[in-house]
Amino acid sequence: MDPGAGPRRIHIVGGPGGGKSVLARRLAAELSLPVFELDRMAFEGPDMSLRPLNVRKTEAHGVAVRPEWISEGIFLGWTEELLQAADVIIWLDYVNWWTAFRRILARFLRGGLQEVQKKRGVEKFARFRDYWRHLRQLIGVFRSSRTYYYGPVSSTPENHRTLSRSTTGKVLAPYARKVIHCTGNPDVHALLARYQPHLAVGELPLVSIIINNYDYARFLPDAIDSALEQTYPATEVIVVDDGSTDESRDVIAGYGDQIVPVLKDNEGQASAFNAGFSRSRGSIVIFLDADDMLLPRTVAHVVTAFQDNDNVAKAQYRMEIIRSDGMPTGLIKPASHLPLRSGDLHREFLTFPEDMTWMATSGNAFSRRALARLMPVPVGDGGYGPVGADWYLAHLIPLLGNIVFLDIVGAYYRVHDCNRYDRAELSLEQIRRTIQYMRNTHPHIRRLAQQMGMSGAQLPEPRLTSVAFIAHRLISLKLEPEYHSMPGDTLWALLRQGVMASARRFDTGLPMKVLYVLWLLLMVIAPRPLAAALADRFLYPEKRPRMNRLLSVLHDH
């Protein structure tokens, strides 16, 4: 088979209600192939009795010797020729039994009962007999589906009643080279676009991956390769070089027309975001830092999240922390004790924005519709410096739609000696920079909320205050008062504001609020060495694993 021509003999297997017929029809329409349903080969008569084995094998042989076809069904015991002759075997294994049975029941109600209802001229007894026949078929499918999804391995899978998911894996093992095992919706999306342009890739939403780079030539190939190697094909990769002084532009030139290069003078991350967005076309946009990487199925997961949820402004996912050489550290962002909240979170981000769990640049996928309301990211006075543009997007986007937090690892977050912001140790300079990002972001939150007429947008300035904002100011003032950037702050005034900010946290219970207040009080009264240790444990949860287990419980109450 010519790989560029797409498959011409496709065998689709999977459990009852697994989507085999729907997929077969889609592939048949796109590839102009005939479809053969194994159900029709296996049964005969109104009582759906199983046909003799030799008859079934003869019909399967008739399909296998054809030059092109799609066959679909649950059967394996008498379809060896189809398995051997197929160019591709697709194993749909991505639904649970309840989902499958709901589909089967819907098919029964839509098909069998409607068929009986159409026979209005038939006597009541005959109609009752038809009802009973269809009901018996439903019960039979119910039993066989239970066997498939929960049954043990069968050494002789003669028919669908003895076939299980475990048996399917065993029977397909000799054909592993040509088996496409779909274990989730992202796999199905990738499958539908695998043989482009022979399938309708144009129907899939385009995803723009915008890589922002400044002097990261040694990491840039990893970032670009991770974007180009996504299993989801409808992507464009845009690389923005923000005036690098190293070999970055040589790296970019080496990729030719695989990427869209945007070369500009050095003006900072926010400017790079703006330049990349203006060149992008995707309905979903991912900003990827040049020292990070995406996992291969991340875009497929993101597209599924946007398609399965309403009014999504952003999908975010976990990131695994790696060292500069790419080796894992064993740490995951965010820390496991933090809640991963999804849905309409505009009230939370309008009241205590910095207390919400959010992801740095590479851990987000944005709706273009929502980004269009926010872009360009502010630069210059009141904007963001070399880094920090993700603060603006992360804290304003929840006002424009729902958030979906995917509980998957979707990116690698690289920690190295050249990180311009995130460090693994207490840095008062970084604390002061974070305070400035928070202060710069608050007016933008308020402005957008007022434009959208949101309740709470007219609240006085102190109400837009999070525990995290107070904590950072308290750490800065306590440990280096001579460099503190907010002259009006005092320790006791910050404690009072921190108590008020804790009380406003409607997303957590009293024990968590008490813990916040206790930490704030200790920071005020503790000597500086102890205060530094308290600050270190507050900012870096990986240094307090035992405490995190308690916090995980408190966050849920």
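Residues numbered from 1 in each chain as written. Predicted model: local features only at pLDDT ≥ 70, side-chain atom pairs only at ≥ 80, totals over all residues. Heavy atoms only, no water.

Quick look at the overall build of the protein chain now. A tally of regular secondary structure across the protein chain gives 21 helices and 16 strands. Relative to its full complement of 557 residues, the protein chain shows a buried share of 54%. Expressed as a percentage of contacts within the protein chain between residues at least 6 apart in sequence, the contacts between residues at least 24 apart total 75%. (Helix = DSSP H or I, 4+ residues; strand = E, 2+ residues; numbered from the N terminus. Buried < 20%, exposed > 50% of the residue type's maximum accessible area, 1.4 Å probe, protein only. Contact = heavy atoms within 4.5 Å.)

For the rest of this paragraph, the subject is the pairing of strand β10 (residues 260-264). In this sheet, β10 lies alongside strand β9 (residues 235-242) in parallel orientation, the contact comprising five bridges. Note that in β10 the partner of Val240 across the bridge is Val262. Viewed along the sheet, the connection from β9 through helix α10 (residues 248-253) into β10 turns out right-handed. (Pairing = 2+ DSSP bridges. Right-handed = clockwise from strand over helix to strand, strands pointing away.)

For helix α16 (residues 428-451), which comprises 24 residues, the first-to-last C-alpha distance of 35 Å matches the rise-based estimate of 34 Å (1.5 Å per residue) to within 8%. Looking one or two residues beyond α16, the residue adopting positive phi is Gly453, at roughly 65 degrees. (Expected span 1.5 Å × (residues − 1).)

All right, on to helix α9 (residues 220-228) then. Restricting attention to buried positions, one finds in α9 the residues Leu220, Ala223, Ile224, Ser226 and Ala227. Within α9, the buried residues cover an arc of 160 degrees as seen down the axis, which keeps them to one side. Contact partners of the buried residues in α9: β8 (207-213), β9, α10, β11 (284-289) and β12 (293-294). (Arc of directions from axis to C-beta.)

Moving on, we come to the nonpolar core. Judged by nonpolar contacts, the single largest core of 66 residues is most densely connected at Phe287, Leu371, Val377, Leu393 and Ile475. Not counting the four nearest positions on each side in its chain, Val377 is found in contact with Ala270, Phe273, Asn274, Tyr384, Ala389, Tyr392 and Leu393. Listed in part, the 42 residues of the second largest apolar core include Ala223, Val237, Tyr255 and Phe405. (Core = buried A, V, L, I, M, F, W, Y, C linked by side-chain atoms within 4.5 Å.)

Let us now look at the packing of aromatic side chains. This model, assessed by the stated rule, comprises seven aromatic pairs. Plain terms: the ring middles of Trp519 and Phe538 are 4.3 Å apart, the flat faces sit at 25 degrees to each other, and that makes the pair stacked. Of the two residues, Trp519 is situated in helix α19 (residues 510-525) and Phe538 in helix α20 (residues 528-539); the sequence distance between them amounts to 19 residues. Chaining the aromatic ring pairs together yields one cluster made of Phe273, Phe287 and Phe366. (Phe/Tyr/Trp six-rings, centres within 6.5 Å; stacked < 30°, edge-to-face > 60°.)

Let's shift gears to the packing of helix α18 (residues 491-503) against α19. Closest axis-to-axis distance for the α18/α19 pair is 9 Å, and the angle between their directions is 175 degrees. Considering the angle they form, α18 stands roughly antiparallel to α19. Residues Leu491, Trp492, Leu495, Gly498, Val499, Ser502 and Ala503 of α18 pack against Lys513, Tyr516, Val517, Leu520, Leu521, Val524 and Ile525 of α19. Grouping the constituent residues of the contact of α18 with α19 by class yields eleven nonpolar, two polar and one charged. (Axes fitted to C-alpha atoms, helices over the stretch in contact; angles between N-to-C directions. Parallel < 35°, antiparallel > 145°, perpendicular 65-115°, else oblique. Nonpolar A, V, L, I, M, F, W, Y, C, P; charged D, E, K, R; others polar.)

This brings us to the packing of α19 against α20. The description of two helices packed together rests on the angle between their axes and the distance between the axes. Contact pair α19 / α20: the axes reach a minimum separation of 9 Å and the direction vectors enclose 150 degrees. Between α19 and α20, the interaxial angle falls into the category roughly antiparallel. For the element pair α19 and α20, the recorded crossing hand is left-handed. Across the interface between the two elements, Trp519, Leu522 and Met523 of α19 pack against Ala531, Leu534, Ala535 and Phe538 of α20. Each residue belonging to the contact of α19 with α20 can be placed in one class, and the counts come to seven nonpolar, no polar and no charged. (Left-handed = near helix turned anticlockwise from the far one by under 90°.)

Across the junction of Lys333 and Pro334, the peptide omega takes the value -10 degrees, indicating a cis bond. Checked against the element boundaries, Pro334 lands in the loop between β14 (328-333) and α13 (346-351). Put simply, Met375 and Pro376 share a cis peptide bond, and its omega is 0 degrees. Relative to the elements of secondary structure, Pro376 occurs in the loop between α14 (368-374) and α15 (389-396). Located in the positive-phi region is Asp215, a residue other than glycine, with phi close to 60 degrees. Structurally, Asp215 can be placed in the loop between β8 and α9. Residue class for Asp215 comes out partly exposed when judged on its relative accessible area of 24%. With a phi close to 50 degrees, Asn311 is a non-glycine residue in the positive phi region. Along the chain, Asn311 turns up in the loop between α12 (298-308) and β13 (312-322).

This paragraph deals with the environment of Leu294. The residue Leu294 is located in strand β12 in this model. Accessibility expressed as a relative area gives 4% for Leu294, which makes it buried. Put simply, Leu294 and Ser226 are 68 residues apart on the chain and 5.4 Å apart in space, counted from C-alpha to C-alpha. Every residue in contact with Leu294, bar those within four places of it in the chain, is listed here: Ile209, Ser226, Gln230, Ile286, Leu288, Tyr317, Ser362, Gly410 and Ala411.

Spatially, five strands are ordered β2-β5-β1-β6-β7 in an open sheet, and the strand pairing comes out parallel. On the outer flanks of this sheet lie β2 (35-37) and β7 (179-182), each paired with one strand and no other. On average, each strand axis in the sheet is inclined to that of its neighbour by 20 degrees, with strand direction left out of account. Relative to strand β5 (residues 69-72), β2 runs parallel, the two being bridged by three bridges. Bridge pairing in β5 places Val35 opposite Ile70.

Once that is clear, we can look at the pairing of β11. Burial analysis of β11 places six of its six residues in the buried class, which makes it a mostly covered element. Sheet topology note: the β11/strand β15 (residues 364-367) ladder contains two bridges and is antiparallel. Each bridged residue has a counterpart across the sheet, and for Ile284 the counterpart in β15 is Ser367.

Here the structure, examined in full by the defined rule, presents 18 salt bridges. A salt bridge links Asp222 to Arg414, with the shortest nitrogen-to-oxygen separation between them at 3.1 Å. Residue Asp222 is located in helix α9, and its partner Arg414 is located in strand β16 (residues 402-414); the two are separated by 192 residues in the primary sequence. Judged by its relative accessible area of 2%, Arg414 falls in the buried class. Across the salt bridge formed by Arg249 and Asp241, the nearest N and O atoms sit 2.7 Å from each other. Classification of Arg249 by relative accessible area gives partly exposed; the value is 32%. Several salt bridges share partner residues, and in doing so they unite Arg341, Asp355, Arg505 and Asp507 into one network. (Salt bridge = Lys/Arg side-chain N within 4 Å of Asp/Glu carboxyl O.)

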